[in-house]
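Observations on chain architecture
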Amino acid sequence: MSKLLVVVDYQKDFVDGALGYAGAETLEGPLYDKVKAALADGWKVLFTRDTHSPEYPDTREGRFLPVPHCIKGSEGWRLYGKLAEFEAVGNESIAFVDKPTFGSMELPEAARALCGGEPEEIALCGVVTNICVVSNAVVLHSAFLSSTITVLKDLCGTGDNAMGQKALDLLAGMGYNVI
């Protein structure tokens, strides 16, 4: 069994683009360092990318969050800052899931393929804590009932700290390790 780090949606549009928020850029260095350390320790790393088409405003999510963002292939869709280097390297320990909504139903399949089966341990980080991080944590829990799942709270971010804390409290109440 292997260990998996999931970096959720650390994309330009969530840092300094359409849905950027003050402080999101401070996660760049720590997230980069975490990915490098995870790879050095033999972990697999899976990046999710929020991925939309120009028709996004016509979707249920687009009506809820009416800000075009992360349009596939756009600058805002790319990983932010130093993390963009991982998009350019071919590495059998790294994979990407382009997800059309908050939580990705493709994430478990991609995790299995990358890890060669169910990961023993999963750690999550990224943005936005109270939307996409929590959604993907629940998807992973539903798929991997035997995996230990940890949310790295200091490597998560949101523009609404109160809602972010509520999401972390919810996950802790559901048995996730929140450290």
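Provided above is the structure to which this section pertains.
As a starting point, this report considers the structure included with it. Treat the numbers as computed from the prediction; the structure is a model and nothing was measured.

Time to look at the sheet that holds strand β4 (residues 121-127). The six strands are arranged β3-β2-β1-β4-β5-β6 in an open sheet whose pairing can be described as parallel. Strands at the two margins of the open sheet, each flanked by one partner only, are β3 (94-99) and β6 (177-178). Sheet topology places strand β5 (residues 148-157) next to β6; two bridges connect them, and they run parallel. Each bridged residue has a counterpart across the sheet, and for Thr150 the counterpart in β6 is Asn177. The sheet strands contacting helix α5 (residues 107-115) are β1 (3-8), β2 (44-50) and β3, and the helix crosses β2 at an angle near 155°.

Our focus in this paragraph is the packing of α5 against helix α6 (residues 129-143). It is the contact of α5 with α6, at a shortest axis distance of 9 Å, that shows an interaxial angle of 65°. Relative to α6, the crossing made by α5 is right-handed. Contacts between α5 and α6 involve Leu107, Pro108 and Arg112 from the former and Asn136, Val139, Leu140 and Ala143 from the latter.

Attention now moves to the pattern of salt bridges. Pairing is possible between side chains of opposite charge, provided their charged atoms come close. Under the counting rule described, the total for this entry stands at eight salt bridges. Taking the shortest distance from any N to any O, the salt bridge between Glu121 and Lys3 comes out at 3.7 Å. Taken together, the positions of Glu121 in strand β4 and Lys3 in strand β1 put the pair 118 residues apart, joining distant regions of the chain. Residue Glu121 is classed as partly exposed on the basis of its relative accessible area, which comes to 23%. A relative accessible area of 32% places Lys3 in the partly exposed class. With a shortest N-O distance of 2.7 Å, Arg49 and Asp98 are connected by a salt bridge. With a gap of 49 residues between them, Arg49 in strand β2 and Asp98 in strand β3 connect regions that are remote in the sequence. On the basis of relative accessibility, which here comes to 10%, the residue Arg49 falls in the buried class. A residue is classified by how much of its surface remains accessible, and Asp98, at 27% relative accessible area, is partly exposed. If you follow the salt bridges from partner to partner, you end up with Arg49, Lys72, Glu87 and Asp98 in one network.

The rules we used
Residues numbered from 1 in each chain as written. Predicted model: local features only at pLDDT ≥ 70, side-chain atom pairs only at ≥ 80, totals over all residues. Heavy atoms only, no water. Pairing = 2+ DSSP bridges. Helix = DSSP H or I, 4+ residues; strand = E, 2+ residues; numbered from the N terminus. Contact = heavy atoms within 4.5 Å. Axes fitted to C-alpha atoms, helices over the stretch in contact; angles between N-to-C directions. Left-handed = near helix turned anticlockwise from the far one by under 90°. Salt bridge = Lys/Arg side-chain N within 4 Å of Asp/Glu carboxyl O. Buried < 20%, exposed > 50% of the residue type's maximum accessible area, 1.4 Å probe, protein only.

Taken by themselves, the reported measurements are silent on function.
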